[in-house]
Amino acid sequence: MKRRDFIKRSGMSALTVWGGSSFLFSGCHTEEDMIGESNWIVEGSFDRALPLPSSLTGGGSLNAQFSTSEILKGKVTTTLSYAEGQPGPVIRANKGETVNINLTNHLSEETNIHWHGLVLPEDMDGHPRDVAAAGGSLPYSLPIIQRAGTYWYHPHPHGATARQVFMGLAGLFIVSDEEETRLNLPQGEYEIPLIIQDKHFEGNSLDYSPNEDEMMTGYLGEHVIVNGAYAPFQNVAAGWYRLRMLNGSTARVYNLTFSHGIRMNIIGSDGGLLRSSQEVSSILLGPGERLDVLVDFSSVTIGSEVYLASSKFSTYHPQGRQSFNLMKFKVERRSEFQFSLPSQLSDIPVLNDNNALMTRTFDISAMINASGGSMGRHSINGKTFETERIDETVQADSTEVWVFDNMAGDEIHPMHIHGVQFQILERIGGRNEVTPAETGWKDTVLVMPGEKVKVIMTFPQYTGVFVFHCHNLEHEDDGMMLNYKIA
Ligand code: C2O
Ligand code: CU
C-alpha cells in the first residue's frame, strides 16, 4: 500500500482499534507489519552515537544554507541548516543580556527566524512579513528580558515554514538566570539537549511533499531522529541527567516514556521552571513544545540499555496508534555527580481570571472552503492568514483569557501565541485536565480533538503586530494563523 492511500484510509477508519500488541521496547514490528504501512515508524539499530549540537554564546552569526548531514548512518543527505550538519547550534544567553545574531540567507528563497518563546519587540520576532530575500541578511538584536528556559528558533516565512524546518532549520535557545543557577541542576556532560523530529525519506533523500490529505493530518515521517541522527545511543552514568527536550516535528506528537520503569521528573516546560517537579511515567509532547526533565539512571544495573520511547496514546487519531523507540541510553558507569531533587523549583505568580480584561474564544475546529479545493483549509474563527489584516487587538500590559475550542474537531492542534507566555487555566473535554507539564509558563498548548483549552496571559509592554497559530506546521502553512496587535 502506498503512503498516500494510508492517510486517506486512516481518516475513514478512525474508530479502528488494534488489539493484541502490548508496548514493546525491543523494537518489534508486529503491528506495523500487519498494517504494512510505509508511513509507520521504522525502528533502527541504535548503534551510532548521539550528536550534540555546538553552542553559540555571546551572539554571532547564523547562515541559512544548503548542507549535507549524516541523518541515516553512513549515508549523505542534503539538508538545510544553520551550521554544518544539523540541527543548528544551541544559542545560550543569560537573562539581562542582549544577543546579537546576524542571519545570512544563502538559500534560494526567502527565510527569517522566529525565536519561539522569547518575548521580543515586534520587529525582532520573525513575523512572516519580515523576511530576508535569497542572498540577503537580517540583523537580530534580542533583549533577553525573561526567565531561564528552553526556547528555540526556526524559520517563519508564510507557506514555507514547514518545509524549511523539515529540511533542517531549527535549533535550541537556552536562557539561564540566577534563580535557576542556584538550584545546581545537572550541567555539562549531565545536561543533554534532545531535539526530536520525524522525517520522510525517499531513498537517502529527505522528501517533503504533503498532498491534500497530509495537509489535514500533518506530514508524518517514518524515521524519528534525535539531534539530527536516526536511531542513536548515548552512553550515560548511573545517576541524574537533565534532558532538555524539544518536539521540532512538523506534526507528530510523542507520548514520551522510558523503559525499565524509569520515571521522568518534569522540572520545566516551554517557559522555564515549574513550581515543583512533577513525576510522571509518560507525557505527551506536541510540535513546538519543550520539556525540561530530570531522569535518574541509578535505578538500573550498570550495563543496562534504557530506551526513550513514544507509547500509544490513542487509537482514534492515526498518530497515536503506534509505540516505538526514539533512542537508547547505555548505562555504562557509576556517576560522580551528586544531586538530589529540590522540593521547590521556582516561584510562579498565579494569573487569576478575575483580573482578565476580556475573554476571546477561537474556534479551531472548522475547515473552510476558500478557493474551491475539495478538502477545505484549516482556519481560526473561519479565517485564514492574511499578512496585513489585523484580526485581534489587545492592550499592552493587560490580562486576557483566550479559549481554543476544538470540541467539534478531529485533528490535533498545538496552538502557539507569539510574544507572550501564558498559563493554562482549564481543559474541558477530552483529557479534561491540566497536565503535570502544563503547570508553569507555556507558549504552545496541545488541543486534542474534542478539547477546549483556556489560557490566561498578561501581554508585554512591547506594542506591534504578532501572530498566533497552530504549530502543526502543515496547518500553519495552510493558513491556520492570525495576526494580533498589541496597542
Ligand atoms: Cu514556533 Cu510561530 O512558531
Ligand atoms: Cu492544527
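Rules used throughout
Residues numbered from 1 in each chain as written. Chains lettered and ligands numbered in written order. Predicted model: local features only at pLDDT ≥ 70, side-chain atom pairs only at ≥ 80, totals over all residues. Heavy atoms only, no water. Donors = N, O, S within 2.8 Å, 3.2 Å for Na, K, Ca; no water. Phe/Tyr/Trp six-rings, centres within 6.5 Å; stacked < 30°, edge-to-face > 60°. Helix = DSSP H or I, 4+ residues; strand = E, 2+ residues; numbered from the N terminus. Buried < 20%, exposed > 50% of the residue type's maximum accessible area, 1.4 Å probe, protein only. Lys NZ or Arg CZ within 6 Å of the ring centre and 35° of its normal. Pairing = 2+ DSSP bridges. Axes fitted to C-alpha atoms, helices over the stretch in contact; angles between N-to-C directions.

Caption draft 1: Structural context of the coordination of the copper ion (ligand 2). The protein atoms that coordinate the copper ion (ligand 2) are His413 (ND1), Cys470 (SG) and His475 (ND1), at distances of 2.0 to 2.1 Å. Spacing between the donor residues of the copper ion (ligand 2) along their common chain follows H-x56-C-x4-H.

Caption draft 2: Examining the packing of aromatic side chains more closely. The full count for this structure, using the stated rule, is 26 aromatic pairs. Ring geometry for Tyr190 and Phe337: centres 4.9 Å apart, planes at 15°, overall stacked. Of this pair, Tyr190 sits in the loop between α4 (178-181) and β11 (191-199) while Phe337 sits in the loop between β24 (324-334) and β25 (358-363); the two residues are 147 residues apart in sequence, bridging distant segments of the chain. When the ring of Phe297 is compared with that of Phe329, the centres are 5.1 Å apart and the planes differ by 40°; the resulting orientation is tilted. One end of the pair, Phe297, is in the loop between β22 (290-296) and β23 (305-310); the other, Phe329, is in strand β24, and 32 residues separate them in sequence. Both residues of the pair, Phe297 and Phe329, belong to the buried class. Clustering of aromatic rings is evident, with ring pairs tying together Tyr190, Trp240, Tyr241, Phe258, Phe297, Phe329, Phe337 and Phe339. Residue placement shows Lys199 over the ring face of Phe166; its charged tip is 5.0 Å from the ring centre. Against the face of Phe233 rests Lys330, its NZ or CZ located 4.3 Å from the ring centre.

Caption draft 3: Representation of the sheet that holds strand β7 (residues 114-116). Judged by pairing direction, the sheet is mixed, and its five strands sit side by side in the order β2-β5-β10-β9-β7 without closing on themselves. The open sheet has two free edges, formed respectively by β2 (55-57) and β7, since each of these has just one partner strand. Ignoring which end each strand starts from, the neighbouring axes of this sheet average 25° apart. Two strands pair when backbone bridges link them, and strand β9 (residues 149-154) and strand β10 (residues 171-176) are joined in this way by five bridges, in the antiparallel orientation. In the sheet register, Thr150 faces β10, and the bridge partner there is Ile174.

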